[in-house]
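The lines below spell out each chain.
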Amino acid sequence: MKAALPKIVRRINALRTQVAAWRASGETVALVPTMGALHDGHLALVEEVQKRAGRVVVSIFVNPAQFGPNEDLARYPRDERGDTAKLARLGTDLVYAPSPAEIYPTGFASKVLVNGPAKAGLEDKYRPDHFAGVATVVAKLLIQCQPDIAIFGEKDYQQLMVIRRMAIDLDLPVRIVGGATRREKDGLAMSSRNIYLAASERATAPLLNAALHEAGGRIAEGGDPAKAAAAARRALTRAGFRVDYVAARNADTLAALTAPREEPIRLLAAAWLGRTRLIDNIAVKKASRKKAGA
Ligand code: PAF
C-alpha cells in the first residue's frame, strides 16, 4: 500500500500555524533542515529525531546564500516529488518547502555573521561566504519553525559546530543534535553530490575515508597528528585527489591542537575528484589513544 504523502507547506504562516497547533496539544517538534535530494543519510536523521519528538518537520530548501559564485547552485540535484515519497514512507508529519522569495523577500538585507568554528581555516578557507549563508538560513528556519530539537549530520562536521555555537550565542531555544554519518558499504560518506562522480571517480572516492582511518589509527597509537594528516594528504594526492585540506583539530572548537594527548580530536578532510568536491571526517578514538600509553 502506498504511504500517504506528508502535508507540504510553502509559507511561513502555514508552518507556524501547524507547529503552534501541535504545541497547543502538548507535542514536541523536531526539525530536519535539508536541501532535498534526500538519501539514506537524511532519512536516518529523520528516523533519529522521530525517537526524540512527537512531530517531525523536514525542510527542503536549496539555499542560494551558501553557494559561492562558481559553485554548483544551478546543477544541485532537486527532486521534491521523490523526496516527499521517501518521507511518506517514514511517516514524516510535514514538509516545509519554501520558495527563495519566501526566505529572501525583496529588500532582504541581513546576515548572521559567525566566527569561532566558522573561521577554523577548514571549509571557510575554500568557501569564504558559505557559513554566513548557512547560519542565516538555519537561523531563519529555526525562528520560523521554533522546534524543540533540530538535527544536522556529522558529515558536515564544521557546519554542525557552527550551528551549535550560533544557537548558544543567539539564545535560540532549541536543542541541536548531531546525527552519525551514513556511509556506502565501501565507506564513502553519503552525499547528494555523490551523483556527480564519474564511475572511475566513484571507485576512488572511498579512499578519502580510508586515508582518514589510516591517519586516525596512527594518532590513536600515539603518532604526531600533523604528521599523520600530512601522510594522509600525500596518499590522497597519489591516488588522484586534489586535496584542499586534511587536518587534525580539537573536536569541540575546531581550533588547532595544543595538547593532542588530552584533547578530543576530529580528523577532517576535503578533496576534489575531477569536478566533485568531497568532504569527510572521523573522530579519533580516545580510548585507544589512552591504551597506547599516550
Ligand atoms: O546541510 C545542509 O543540507 C544545509 O547546509 C542546510 C543545513 C540545510 C542549510 O541550508
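Along each chain, numbering runs from 1 in the same order as the chain's sequence is written. Owing to the predicted nature of the model, reporting of local features is limited to residues with pLDDT of at least 70; listing and counting of side-chain atom pairs is limited to 80 or more, with chain, interface and lining totals taken over all residues. With hydrogens and water set aside, each side-chain value is computed from the structure's full complement of heavy atoms.

Undergrad: Please set out the site of the ligand residue by residue, giving values where relevant.
TA: Being near a molecule or strand, for a residue, comes down to having at least one heavy atom within 4 Å of it. Close to the ligand lie Pro33, Thr34, Met35, Asn63, Gln66, Val137, Val138, Phe152 and Gln159, which account for all nearby residues. With respect to the ligand, the side chain of Gln66 contributes an N or O atom lying 2.6 Å from an oxygen atom. Polar contact is defined as a pair of N or O atoms within 3.5 Å, subject to the rule that within protein one atom must be able to donate a hydrogen and the other to accept it, and that residues adjacent in sequence are counted only when both atoms are side-chain atoms. Gln159 is positioned with one of its side-chain polar atoms (N or O) 2.7 Å from an oxygen atom of the ligand. In isolation the ligand has 290 Å² of accessible area, and contact with the protein removes 89% of it. By the criteria applied, helices consist of DSSP H or I runs no shorter than four residues and strands consist of E runs no shorter than two, each listed in order from the N terminus. Elements with a minimum of two residues in the shell around the ligand: strand S2 (29-34) and helix H6 (130-145). Its residues placed into classes, the shell around the ligand shows 5 nonpolar, 4 polar and no charged. Note on areas: Shrake-Rupley, 1.4 Å probe, and residue coverage restricted to the protein chains presented here. The classification used treats Ala, Val, Leu, Ile, Met, Phe, Trp, Tyr, Cys and Pro as nonpolar, Asp, Glu, Lys and Arg as charged, and all other residues, Gly among them, as polar.

Undergrad: I'd love a proper account of the environment of Ser192, names of residues and values included.
TA: Here Ser192 lies in the loop between strand S6 (175-179) and helix H8 (199-204). Summary of the burial criterion: residues with accessible area below 20% of their type's maximum are buried, those above 50% are exposed, and those between are partly exposed, where the area comes from a 1.4 Å probe applied to protein chains only. For Ser192, a relative accessible area of 9% puts it in the buried group. Along the backbone, Ser192 and Trp22 are 170 residues apart, and their C-alpha atoms lie at a distance of 31 Å. Two residues qualify as a contact provided that any one of their heavy atoms is within 4.5 Å of a heavy atom in the partner residue. Those residues in contact with Ser192 that lie beyond four places of it in its chain are Gly36, Ala37, His39, His42, Tyr76 and Pro77. One polar contact links the side chain of Ser192 to the main-chain carbonyl oxygen of Ala37, over a distance of 3.2 Å.

Undergrad: I'd love a proper account of the packing of H6 against helix H7 (residues 157-169), names of residues and values included.
TA: Two numbers describe how H6 lies on H7: the axes approach to 10 Å, and their chain directions differ by 50 degrees. Taken as axis vectors, H6 and H7 run oblique relative to one another. For H6 against H7, the interelement crossing comes out right-handed. Contacts between H6 and H7 involve Phe131, Val134, Ala135, Val138 and Ala139 from the former and Gln158, Gln159, Val162, Ile163 and Met166 from the latter. Class assignment of the residues belonging to the contact of H6 with H7 gives a composition of 8 nonpolar, 2 polar and no charged. Axis definition: a line fitted to C-alpha atoms, limited for helices to the stretch in contact. Angles are taken between N-to-C directions and run from 0 to 180 degrees. Each angle gets one of four labels, with under 35 degrees taken as roughly parallel, over 145 as roughly antiparallel, 65 to 115 as roughly perpendicular, and the rest as oblique. If you view the pair so one helix is near and one far, a crossing is left-handed when the near helix is turned anticlockwise from the far one by less than a right angle, and right-handed when it is turned clockwise.

Undergrad: Describe the sheet that holds S6, listing the residues and the values that go with them.
TA: Note on pairing: DSSP must find at least two bridges between two strands before they are called paired. Reading across from one edge, S1-S4-S3-S2-S5-S6 is the order of the 6 strands in this open sheet, with parallel pairing throughout. Two strands in the sheet have a free side with no partner beyond their single neighbour: strand S1 (7-9) and S6. Neighbour to neighbour, the strand axes of the sheet diverge by 25 degrees on average, direction disregarded. Note: S1 against strand S4 (residues 94-96), 3 bridges, orientation parallel.

Undergrad: An account of the sheet that holds strand S9 (residues 276-284) is needed here, citing residue identities and associated values.
TA: Pairing between sheet strands relies on hydrogen bonds along the backbone, with the strands arranged either parallel or antiparallel. The antiparallel open sheet is built from 3 strands, whose spatial order is S7-S8-S9. Two strands bound the open sheet, and with one partner strand each, they are strand S7 (242-250) and S9. Between one strand axis and the next, the sheet turns by 10 degrees as a mean value, whatever way the strands run. In the packing of helix H9 (residues 207-220) onto the sheet, the strands contacted are S7, strand S8 (265-273) and S9, and the crossing angle to S9 comes to about 25 degrees. Its contacts with the sheet place helix H10 (residues 225-238) against S7 and S8, and it is angled at close to 160 degrees to S7.

Undergrad: Explain the packing of aromatic side chains to me, and be specific about the residues and the numbers.
TA: To pair, rings of Phe, Tyr and Trp, with the six-membered ring standing in for Trp, must have centres within 6.5 Å; the planes then decide the type, stacked if under 30 degrees apart, edge-to-face if over 60, and tilted in the middle. Enumeration over the complete set of coordinates arrives at 4 aromatic pairs. Pairing Phe67 with Tyr76 gives two aromatic rings, centres 5.7 Å apart and planes at 80 degrees, and the pair type is edge-to-face. A relative accessible area of 10% places Phe67 in the buried class. Its relative accessible area of 7% is what places Tyr76 among the buried residues. On the numbers, 5.0 Å between centres and 75 degrees between planes, the contact of Tyr104 with Phe108 is edge-to-face.

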